[in-house]
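Spelled out from the first residue to the last, the chains are:
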Amino acid sequence: MKRILIIGAVGQIGSELTLRLREVYGAGNVVAGWRSTQPSRELAESGPLEKVDATDPERIVEVVKKYRIDTIFNLAALLSAVAEQKPQAAWNVGVNGVFNILEVARENGCAVFFPSSIGAFGPTTPLDNTPQDTIQRPGTMYGVTKVAGELLSDYYFKRFGVDTRGLRYPGIISNVTLPGGGTTDYAVEIYYAAIKEKKYTCPLKKGTFLDMMYMPDALDAAIQLMEADPARLIHRNAFNVTAMSFDPEIIYKAIKKCIPEMQLTYDVDPVKQGIAESWPNKMDDSAARQEWGWNPKWNLEAMTDDMLKVIGEKRKKGLI
Ligand code: SER
């Protein structure tokens, strides 16, 4: 991994992964690919920037050739709840986009990172200790695209030798770029609400357990997997990775320890609730631990302290 292209560099994960990869691999070697949302100043000024759309393969080829890219991180996607409103667009980015990137990788000798998700599971999957290899019949368009992406990535490795690797991310909690339209977004929103209003109305029911992870662990996981010794990888694609599992009451109580006035009420969104109930309560990530040494550093308490500190500072500066 020497010359990297990130497609979706302005999104929730991309905006932080790009900066991190620039630190590790050299700013000039990491190209931020963006489509519609204007990149932040930090992203634009810290290294190369190119307009690239996952659904425009000719443009991807141009950028790959221009920078002699050897690794593509494909982070373009519509999250689960928004994908239910726009299933055609979700398919186009999440399946046609993945196919385009794999084809460009095949023709140009690139490795590809693909972020799958807890959304690749569904109501018939075992929801507790969800195994690495199990039933995957998701009921959402987001999940359909993620299963297709996992299968395509496996296919391109087996059939063409493309070095594809991927993770099944849980809900990612971060304080730089907001997620847009995901089922797990509540676990980010609750921290902003805690700082701004000291109260939050949750769209998921009490008792709805989901896997979650703090962004620094999510970035480490992607880099560690892409750097892993291929001889040790039995799965290559779509490793379950998780750092914690909680329901709205548990995250609320963790926040309340730091902000005693915090209040939580519920106004359940039936679409998000239905999606959340079809996703694992807690995944088994032992394959990732065994095959490439996955070992998250952040738990709920440490993450809560850090989130409240960083968001509190943003508030003081008038940024939120
Ligand atoms: N965070 C995603 C979502 O909620 C799941 O991968 O859509």
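Structure first, text after, so check above.
This write-up is about the structure you can find in this document. (Residues numbered from 1 in each chain as written. Predicted model: local features only at pLDDT ≥ 70, side-chain atom pairs only at ≥ 80, totals over all residues. Heavy atoms only, no water.)

## Topic: the pairing of strand β2 (residues 30-34)
Part 1 of the argument: Of all five residues in β2, five are buried, a share of seventy percent or more.
Part 2 of the argument: Across the two faces of β2 the burial is the same, with V30, A32 and W34 and V31 and G33 all buried.
Part 3 of the argument: With four bridges connecting them, strand β1 (residues 4-7) and β2 associate as parallel partners. Along β2, the bridge assignment pairs L5 with V31.
Part 4 of the argument: Taken together, β1, helix α1 (residues 12-25) and β2 constitute a β-α-β crossover, and its handedness is right-handed.
Part 5 of the argument: In terms of strand pairing, β2 meets strand β3 (residues 49-51) through three bridges, oriented parallel. Directly across from A32, in β3, lies its bridge partner L49. (Buried < 20%, exposed > 50% of the residue type's maximum accessible area, 1.4 Å probe, protein only. Helix = DSSP H or I, 4+ residues; strand = E, 2+ residues; numbered from the N terminus. Pairing = 2+ DSSP bridges. Right-handed = clockwise from strand over helix to strand, strands pointing away.)

## Points about empty space enclosed by the protein
Part 1 of the argument: Here the structure, examined in full by the defined rule, presents one cavity of 30 Å³ or more.
Part 2 of the argument: Estimated volume of the largest cavity: approximately 30 Å³.
Part 3 of the argument: Partitioning the lining of the largest cavity into residue classes produces five nonpolar, two polar and no charged. (1 Å grid on protein atoms, 1.4 Å probe; cavity = no way out; pocket = protein on both sides within 12 Å on 5 of 7 lines; lining within 4 Å. Points joined across faces, edges and corners; volume = space filled by probe spheres on them. Nonpolar A, V, L, I, M, F, W, Y, C, P; charged D, E, K, R; others polar.)

## Examining the packing of helix α9 (residues 248-258) against helix α12 (residues 300-316)
Part 1 of the argument: Put simply, α9 and α12 touch, their axes get as near as 10 Å, and they point 55 degrees apart. On the basis of their axis angle, the class for α9 and α12 is oblique. Remark: the crossing between α9 and α12 carries right-handed chirality. Facing I250, I251, A254, I255 and C258 of α9, the residues of α12 in contact are L300, T304, D305 and L308.
Part 2 of the argument: Of the residues in the contact of α9 with α12, the class split is seven nonpolar, one polar and one charged. (Axes fitted to C-alpha atoms, helices over the stretch in contact; angles between N-to-C directions. Parallel < 35°, antiparallel > 145°, perpendicular 65-115°, else oblique. Left-handed = near helix turned anticlockwise from the far one by under 90°. Contact = heavy atoms within 4.5 Å.)

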